[in-house]
Amino acid sequence: MLLRTALRSFFAHKGRMALSLIAVVLSVAFVSGTLVFSDTATSTFDKLFAATASDVSVQPPKPAENEEPSASDKPRTVPVDAARQLAAVPGVKTAVGQVRVENATLVNPATNKLVGPTSGAPTLVGNWTGTPRSAMRLTQGHAPQGAGELVLDADTAKKAGLGLGGRLRVDNAGGRHEFTIAGIASFTTTNPGAALAFLDTPTAQQVLLGEQAYTSVEAFGDGSRGNDRLKADALATLGTGYQVKTAAEQKDENTKNVGSGLGFMKNAMLGFALISAFVGCFLIINTFSMLVAQRTREIGLLRAIGGSRRQVNRSVLAEALILGVLGSTLGIGAGLGIAVGLIKLMNAIGMELKASDLQIGPSVFLAGYALGIVVTLVAAWFPARRASRIAPMAALRDHGTPAEGRANLVRTVVGLALTAGGGGLLVLAAKAAKAATGGRYLGLGVLLTLIGFVVLGPLLATVVVRALGALLPAVFGPSGRLAQRNAMRNPRRTGATAAALMVGLALVIGSSVFSASMVTSANAQIDRSVGADYVVQGGRTSITPEMLDAVRRTQGIDHVTTQKFFGPRLQLPDGRSARTNLTAAPPAFFTTDFHLPVTAGSLDAIGRGELGIGEAFAKDHGLTVGDRVTVAYDKDHTQVLPVGAVFAKGSLFGDGSFVDFDTMAKAVPAADQPPVWTFFAKASSGTDVAKTLTALEDALKEYPQLTIKDQAGYKKVVQSQVDTLLYLIYGLVGLSITVAVLGVVNTLALSVVERTREIGLLRAIGLSRRQLRRMIRLESVVIAVFGAVLGTGLGLAWGVTAQRVLRDQGLDTLSVPTTTLAVTLVASVVIGLVAALVPAFRAGRMNVLTAIATD
């Protein structure tokens, strides 16, 4: 009987459940779509790795603990003899030596433009081999033959407009090498978005490695022995100096590498989906609260004829369960559409995924139904609890829910405690000496202040709405006065509706404050710390001597400064050791190109062969000027240096260490030094910086892989990087704001139904349709602006605290984006007007007599 009653009640009010259903559908769709996309991408790459992995792969040894992977631009290699030795292992059918590098750039010499991806997926150049499980097959032309031929993958050739007979240049640290495209190869499995080019083996070894060697040797068994046995025999034959991996181990490693990027995307999308589900809770709470209020007489009759509190409670929860199941089912279906959309987006940026290979596992249904059902049941529990407390006789006498004075007192105490506790944590976070400690306080403070504002929302509604609506009676007359009073009539409903909007806008404002502070801090640091006029970055390839010479010959350039990065371990005076990021640079770096603040010692000490360290590093390890430390570079190169300078916190280069280039060179031979990835140039005194930039760009036009920026251009790069992240956050938060807008529409629509008789009476005593519609629009605007005010306050508190937490990590300048604040408030007015369109239209079309006769 309970289920039958719930079903009848649900379908009798299905129109009033529509927006709540949409909220559940959106949240579940985002979660299920994210899971389906993630599972599909992971499965696709699993198939790729499984189909192409050799039975046993022999790879170069891992870097030593104190050895930097970037210590050389030359890839690590395996001797040619290893292929012959591996081929002789019992059970190995064939062993193929492979050359594969990522430190080369493909350039179209006809247009001097880069070929292949510039970010994300790599550009791989190697040798063409006929392995039994190759990911590529020739579809045009022939395999590379001789030193002047190359095979290019079909997708890259199509994007670059290249074909057979075309010319392609391969640039790396060894120079520029031009080839003729002799063949086009297509992927036998999924294209991961990379650009691939293949040379014949001798040419690949000479051009890419500079020696007769391989980057790996791939062995394929004859089926007589398992891969684990082949691995053990390979280790016995080759020795333990190499990394030897079975097909399963290769697949796991590759999946882990790909999964790290996909995992970040998946977790970010799921996080924002959960936020939208949280926002949807307010919509569902309002829906069931208003339905319970409208059905007070019905519930009272149920109680009068013997229905218990438990039965009333279960009846309401049963309706919520129906809503959750239906919304989850539709949401999972809609999620498939979202997954297909994400796959098409990946295809557009070069990662080939097939919508026909959608992976819809049990986790998708479990997560979808769990989210939809739990959200609706939790949200409906509060209205159900209030419904069960309706006394039979009180319900028959009075069309309304019982007063909850004690509940309001509890709400006040709990809300104030949570808000005060959260505010205190935000203060502690802002004052924390370490960013890690401050980050923990910040996370907990954000959570508590958010919950506190949600709990206090109904109480704040009375005060804030009265203030916000103070001008309405004067400006809009009776419509304004009624709108203000209607918004204050049910503070709980107004608070819940505004809280939904508050959450999304708080995230927008907080992110905007943080990103604006990041850009302003970076610009301020560039202005006060950077003396160099130009920054040149090599991207995926290192800087070559030819590039540096081209810059030095450019008219208007005073000098060029290079830097090299190390990751040595420092042996401290107390016997401890610690790893640090060490920059080796010439004296001009410290005297002209950069102005780094020093808290102890002097910059001149670095030029005299002493070490410069960061203030935080010095404090954490008890170091002062004069202390002697042993710098352990890779390949057992060491030197003892005294501390000569301590750099202030928040400098442009973080908490790294510095040493003079000549000092470093005394310990590390040139062959063991890392390549140059970035260098700086200074314009001559009195030279036009803009004109010199043009000359510099002309001098380096043969190297399209280089990024050349003056200070203003570099600031724009920082701005664009931050904006990209910010727009991503805006897009994801947009889902929760959409749900919040639905909440405003839902509240107004149900409120119109609830006040049908009242509206009829207002019309009967002279309120025009225009005034009625204006009243509802103004009520909507007041609620939306109330939510925006709360969200702005929270967002400002979160953003300012985040900036203070990271003040010693370079985020030392607070910037509040007033334009964003103004746009947010204006947008809240627009949201209110848009949300009120349909409810106001429906209210204006009511028949006066029918409305008055409504029970």
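Parameters and conventions
- Residues numbered from 1 in each chain as written.
- Predicted model: local features only at pLDDT ≥ 70, side-chain atom pairs only at ≥ 80, totals over all residues.
- Heavy atoms only, no water.
- Helix = DSSP H or I, 4+ residues; strand = E, 2+ residues; numbered from the N terminus.
- Buried < 20%, exposed > 50% of the residue type's maximum accessible area, 1.4 Å probe, protein only.
- Contact = heavy atoms within 4.5 Å.
- Areas by Shrake-Rupley, 256 points an atom, 1.4 Å probe, with all protein chains shown as cover.
- Lys, Arg positive; Asp, Glu negative; His and termini not counted.
- Charge placed at Lys NZ, Arg CZ, Asp CG, Glu CD.
- Domains from an automatic or database assignment.
- Buried area = accessible area lost by both parts, 1.4 Å probe.
- Salt bridge = Lys/Arg side-chain N within 4 Å of Asp/Glu carboxyl O.
- Polar contact = N/O pair within 3.5 Å; in protein donor to acceptor, adjacent residues only side chain to side chain.
- Axes fitted to C-alpha atoms, helices over the stretch in contact; angles between N-to-C directions.
- Parallel < 35°, antiparallel > 145°, perpendicular 65-115°, else oblique.
- Left-handed = near helix turned anticlockwise from the far one by under 90°.
- Nonpolar A, V, L, I, M, F, W, Y, C, P; charged D, E, K, R; others polar.
- 1 Å grid on protein atoms, 1.4 Å probe; cavity = no way out; pocket = protein on both sides within 12 Å on 5 of 7 lines; lining within 4 Å.
- Points joined across faces, edges and corners; volume = space filled by probe spheres on them.
- Core = buried A, V, L, I, M, F, W, Y, C linked by side-chain atoms within 4.5 Å.
- Phe/Tyr/Trp six-rings, centres within 6.5 Å; stacked < 30°, edge-to-face > 60°.
- Expected span 1.5 Å × (residues − 1).
- Bend = angle between axes of the 7 residues up to and from the residue.
- Pairing = 2+ DSSP bridges.

Peer 1: For this particular structure, what's the right way to read the overall build of the chain?
Peer 2: On a plain count of helices and strands, the chain comes out with 28 helices and 28 strands. Principal-axis analysis of the C-alpha atoms gives the chain an extent of 95 × 70 × 55 Å. Residue burial in the chain is summarised as follows: out of 855 residues, 51% are buried. In the chain, 83% of the contacts between residues at least 6 apart in sequence involve partners at least 24 apart. Surface summary for the chain: the accessible area is close to 37200 Å², and the carbon and sulfur share equals 59%. Charged side chains in the chain number 81 positive and 59 negative. The centres of these two groups are separated by 19 Å.

Peer 1: Please clarify how the domain arrangement of the chain should be interpreted in this entry.
Peer 2: How big an interface is tends to be stated in terms of the accessible area lost upon association of its parts. Domain annotation of the chain identifies domain 1 (1–57 + 247–399), domain 2 (61–241), domain 3 (458–530 + 712–855) and domain 4 (531–711). Taken residue by residue, the interface counts 17 residues in domain 1 and 19 residues in domain 2. Summing both sides of the interface, domain 1 and domain 2 together bury roughly 1500 Å²; the carbon and sulfur share of this comes to 51%. The tally of links between domain 1 and domain 2 comes to 2 salt bridges. Among the salt bridges present, the one from R133 reaches D55, with a minimum N-O distance of 2.9 Å. Between domain 1 and domain 2 we count 8 residue pairs in polar contact (both at pLDDT 80 or more) in total. When residues of the side of domain 1 that touches domain 2 are traced back to their parent elements, those giving at least two are α2 (14–52), β1 (56–59) and α7 (247–294).

Peer 1: I keep staring at the packing of helix α23 (residues 711–754) against helix α25 (residues 769–805) and nothing clicks. Help me out?
Peer 2: To characterise two packed helices, one gives the angle between the axes of the helices and the distance between these axes. Where α23 meets α25, the axes come as close as 11 Å, and the angle between the chain directions of the two elements is 140°. Comparing the axis directions of α23 and α25 gives the class oblique. The way α23 lies across α25 gives a crossing that is right-handed. Residues V744, L748, S751 and V752 of α23 lie in contact with α25, whose contacting residues are I776, E779 and S780. Class assignment of the residues belonging to the contact of α23 with α25 gives a composition of 4 nonpolar, 2 polar and 1 charged.

Peer 1: Would you mind going over empty space enclosed by the protein with me for this structure?
Peer 2: Taking a probe equal in size to a water molecule and rolling it over the atoms shows the remaining empty space. In the structure shown here, the tally under the stated rule is 4 cavities of 30 Å³ or more. Here the largest cavity is characterised by a volume of approximately 70 Å³. In terms of lining residues, the largest cavity is bounded by N486, A487, R489, N490, R493, T494, T747, S751, R755, E779 and I783. Those elements that provide at least two residues to the lining of the largest cavity are α15 (478–489), α16 (491–529), α23 and α25. Counting residues per element, the lining of the largest cavity draws most heavily on α15, which supplies 3 residues. Volume-wise, the second largest cavity comes out at about 50 Å³. If you trace the second largest cavity, you find it lined by A23, V24, S27, V28, A277, G280, I284, L371, G372 and V375. Of the residues in the lining of the second largest cavity, the class split is 7 nonpolar, 3 polar and no charged.

Peer 1: Can you help me understand the nonpolar core in this one?
Peer 2: Side chains that are nonpolar tend, in soluble globular proteins, to be buried together. Counting residues in each nonpolar core, the largest one holds 106 residues, and the members touching the most others are F288, M502 and I776. The biggest single contributor to this core is α7, with 15 residues. The residue makeup of this core includes at least three contributed by each of domain 1 (1–57 + 247–399) and domain 3 (458–530 + 712–855). Setting aside chain neighbours within four positions, we find I776 in contact with L748, V752, A836, P839, A840 and A843.

Peer 1: When you look at the packing of aromatic side chains in this model, what are you seeing that I'm missing?
Peer 2: How two aromatic rings sit relative to each other is given by the distance of their centres and the angle of their planes. Applying the stated criterion across every chain yields a total of 10 aromatic pairs. With a centroid separation of 5.1 Å and 70° between ring planes, the pair formed by F589 and F590 is classed as edge-to-face. For the pair F589 and F590, one class covers both residues: buried. Clustering of aromatic rings is evident, with ring pairs tying together F589, F590, F594, F647, F658 and F680.

Peer 1: How do you make sense of the packing of α16 against helix α26 (residues 818–835) when you look at a structure like this?
Peer 2: Interaxial distance between α16 and α26 falls to 11 Å at its minimum, and their mutual angle equals 160°. Here α16 lies roughly antiparallel to α26, going by the angle between them. For the crossing formed where α16 meets α26, the hand is right-handed. Residue-level contacts link L501, L505, I509 and S512 of α16 to T820, L821, T824 and I831 of α26. Split by residue class, the contact of α16 with α26 holds 5 nonpolar, 3 polar and no charged.

Peer 1: Just to check I follow, could you spell out α23 for this structure?
Peer 2: An α-helix turns once per 3.6 residues; consequently, residues spaced three or four apart project the same way. With 44 residues, α23 extends 62 Å between its outermost C-alpha atoms, agreeing within 8% with the 64 Å of an ideal straight helix rising 1.5 Å per residue. The largest bend in α23 is about 30°, located at G734.

Peer 1: I would appreciate a short explanation of the sheet that holds strand β3 (residues 92–98) in the present structure.
Peer 2: Pairing between sheet strands relies on hydrogen bonds along the backbone, with the strands arranged either parallel or antiparallel. The strand order β3-β14-β1-β15 describes an open sheet built from 4 strands, whose pairing is antiparallel. Looking along the sheet, the strands with just one partner apiece sit at the ends: β3 and β15 (243–246). The average angle at which neighbouring strand axes cross in this sheet is 20°, direction not considered. In this sheet, β15 lies alongside β1 in antiparallel orientation, the contact comprising 4 bridges. Within β15, the residue paired with Q59 across the bridge is Q243.

Peer 1: Help me understand the pattern of salt bridges in this model?
Peer 2: In total, this model carries 17 salt bridges according to the counting rule given. Here R225 makes a salt bridge to D233, at a shortest N to O gap of 2.7 Å. A salt bridge links R489 to E758; its shortest N-O distance comes to 2.8 Å. Of the two residues, R489 sits in helix α15 while E758 sits in helix α24 (residues 756–764), which places them 269 residues apart along the sequence. Judged by its relative accessible area of 46%, R489 is partly exposed. Judged by its relative accessible area of 25%, E758 falls in the partly exposed class.

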